[in-house]
Amino acid sequence: MNAILSINNIAKSYGRIKALDGLSFEVPAGSVFGILGPNGSGKTTLLSIILDVLRADQGNFSWFGQPGSPQQRRKIGSLLETPNFYHYLSAVNNLKITHSISGRGSRENIDTVLEKVNLFDRRNSRFSSYSLGMKQRLAIAAALLGDPQVLVLDEPTNGLDPVGIAEIRALIIELSKKGHTIIMASHLLDEVEKVCTHVAILKKGTLLTTGDVNEVLVDDDLVEIGSGDPDALWEVMKGYSDQLKITREGSILHLILPKGEARLDDINHYCFSKGIVLNHLVFKKKRLEAKFFELTNN
């Protein structure tokens, strides 16, 4: 898969504070790419640099295999801050003003983008009558003027209620299916897990890891086992698998195995063959939140 954005050794400081520290990664074309990290990790600074709002102290980036330029910028729609829509105007008239200021798209394009964000039936309603989710969808419609190949969204569900969050998530998935590459910053693991195909995880301006979501945020299998002799059980389980990690909490052993590798029947049979009868055998799945916590708190 070709890279639509390549970031090479980008760094940015604000005085003595290093916001970004030599970031390098690529965004595949056609992906929904999540830039994930706690607040203060450098996500918004990075988006501002690749959108030419800020200048990096070092490093460079390229869009579509070419250095950033006004021509390349026209292929990119962005939402860093919610546009200042007029509350007393309709969606159509607000987008007409956005078009006049930005010069992107055409007046005929307005109906098309309103259909894309599922607001066409409410196109003549005042902005003040919209729900929070609808207001955010209109902001994304503004970013879609000119039919950009790429959408860059900073915390697109921030401040929304659960209904609004669900609406924006569904919209991002739908826009991806229609051919847009989407780059979105978020501090919410659940958001990235549900909509993104790829992810880069940042912490204090450094890149912890990047890649396919299912590989980066893989959740290991976790099994709890116990027997009348925990010490003997510990010694026996050392020989079960070279992929096994064992921890102990009291008399209970925690077995951590790669995703899909934990088979309770096999574990029970193995222990019985070694002369140990288990009195506790429970399968648990290590939550993605725990994995993210490990990455960002080490």
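Please refer to the structure placed before this passage.
Draft legend 1. Looking closely at helix α6 (residues 162–177). Spanning 16 residues, α6 covers 23 Å between terminal C-alpha atoms, matching the ideal 22 Å at 1.5 Å per step. Where α6 is buried, its residues contact β3 (32–36), α4 (107–116), α5 (132–144), β7 (150–154), β8 (181–186) and α7 (189–195). Looking one or two residues past α6, G179 carries a phi angle of roughly 105°, positive in sign.

Draft legend 2. Looking closely at the nonpolar core. If you look at the biggest cluster of nonpolar residues, it comprises 41 residues, and the most contacted ones within it are L95, L114, L138, I140 and I172. Here the element with the most residues in this core is α5; it accounts for 8 residues.

Draft legend 3. Quick look at the packing of aromatic side chains. Per the counting criterion, the structure on display carries 6 aromatic pairs. On the numbers, 5.5 Å between centres and 5° between planes, the contact of F25 with F33 is stacked. Across the pair, exposure class does not vary: F25 and F33 are buried alike. Relative to Y270, the ring of Y240 has its centre 5.2 Å away and its plane inclined at 70°; by these criteria the two rings are edge-to-face. With Y240 in the loop between α9 (230–237) and β12 (245–249) and Y270 in helix α10 (residues 264–273), the pair connects residues that are 30 residues apart, well separated along the chain. Above the ring of F64, the side-chain terminus of K75 is found at 4.8 Å from the ring centroid.

Draft legend 4. Inspection of α9 at higher detail. For α9, the set of buried residues is P230, L233, V236 and M237. Seen along its axis, α9 keeps its buried residues to an arc of 120°; they face one direction.

Draft legend 5. Focus on the environment of D57. Its place among the elements puts D57 in the loop between α1 (43–50) and β4 (58–63). D57 has contacts with A11, K12 and S13, leaving out every residue within four places of it along the chain. A polar atom in the side chain of D57 sits 2.7 Å from the backbone nitrogen of S13.

Draft legend 6. Region of interest: the packing of helix α3 (residues 91–102) against α5. Where α3 contacts α5, the axes come no closer than 10 Å and their chain directions differ by 40°. The handedness of the crossing between α3 and α5 is right-handed. Of α5, the residues touching α3 (which contributes A91, L95 and T98) are L138, A141 and A142. Tallied by class, the residues present in the contact of α3 with α5 amount to 5 nonpolar, 1 polar and no charged.

Draft legend 7. Structural context of the pairing of β12. In this structure, β12 lies alongside strand β13 (residues 252–257), joined through 5 bridges in antiparallel fashion. Among the inter-strand pairings, R248 is bridged to a residue of β13, identified as L253. In textbook terms, the turn of a hairpin is the stretch between consecutive antiparallel strands, and for β12 and β13 this stretch comprises 2 residues, one of which, G250, has a positive phi near 65°.

Draft legend 8. Broad picture of the pattern of salt bridges. A complete count under the given rule lists 10 salt bridges for this structure. For D190, the salt bridge goes to K194, with nearest N and O atoms at 2.7 Å. Taken as a pair, D190 and K194 lie in helix α7 at a separation of 4 residues, close to a single helical turn. Residue class for D190 comes out partly exposed when judged on its relative accessible area of 30%. Under the relative-accessibility criterion, K194 is labelled partly exposed at 48%. Across the pair R263 and E261 runs a salt bridge whose closest N-O atoms are separated by 3.7 Å. Ionic contacts of the salt-bridge type, sharing partners, join the residues R169, D190 and K194 into one network.

Rules used in this analysis
- Residues numbered from 1 in each chain as written.
- Predicted model: local features only at pLDDT ≥ 70, side-chain atom pairs only at ≥ 80, totals over all residues.
- Heavy atoms only, no water.
- Helix = DSSP H or I, 4+ residues; strand = E, 2+ residues; numbered from the N terminus.
- Expected span 1.5 Å × (residues − 1).
- Contact = heavy atoms within 4.5 Å.
- Core = buried A, V, L, I, M, F, W, Y, C linked by side-chain atoms within 4.5 Å.
- Buried < 20%, exposed > 50% of the residue type's maximum accessible area, 1.4 Å probe, protein only.
- Phe/Tyr/Trp six-rings, centres within 6.5 Å; stacked < 30°, edge-to-face > 60°.
- Lys NZ or Arg CZ within 6 Å of the ring centre and 35° of its normal.
- Arc of directions from axis to C-beta.
- Polar contact = N/O pair within 3.5 Å; in protein donor to acceptor, adjacent residues only side chain to side chain.
- Axes fitted to C-alpha atoms, helices over the stretch in contact; angles between N-to-C directions.
- Left-handed = near helix turned anticlockwise from the far one by under 90°.
- Nonpolar A, V, L, I, M, F, W, Y, C, P; charged D, E, K, R; others polar.
- Pairing = 2+ DSSP bridges.
- Salt bridge = Lys/Arg side-chain N within 4 Å of Asp/Glu carboxyl O.

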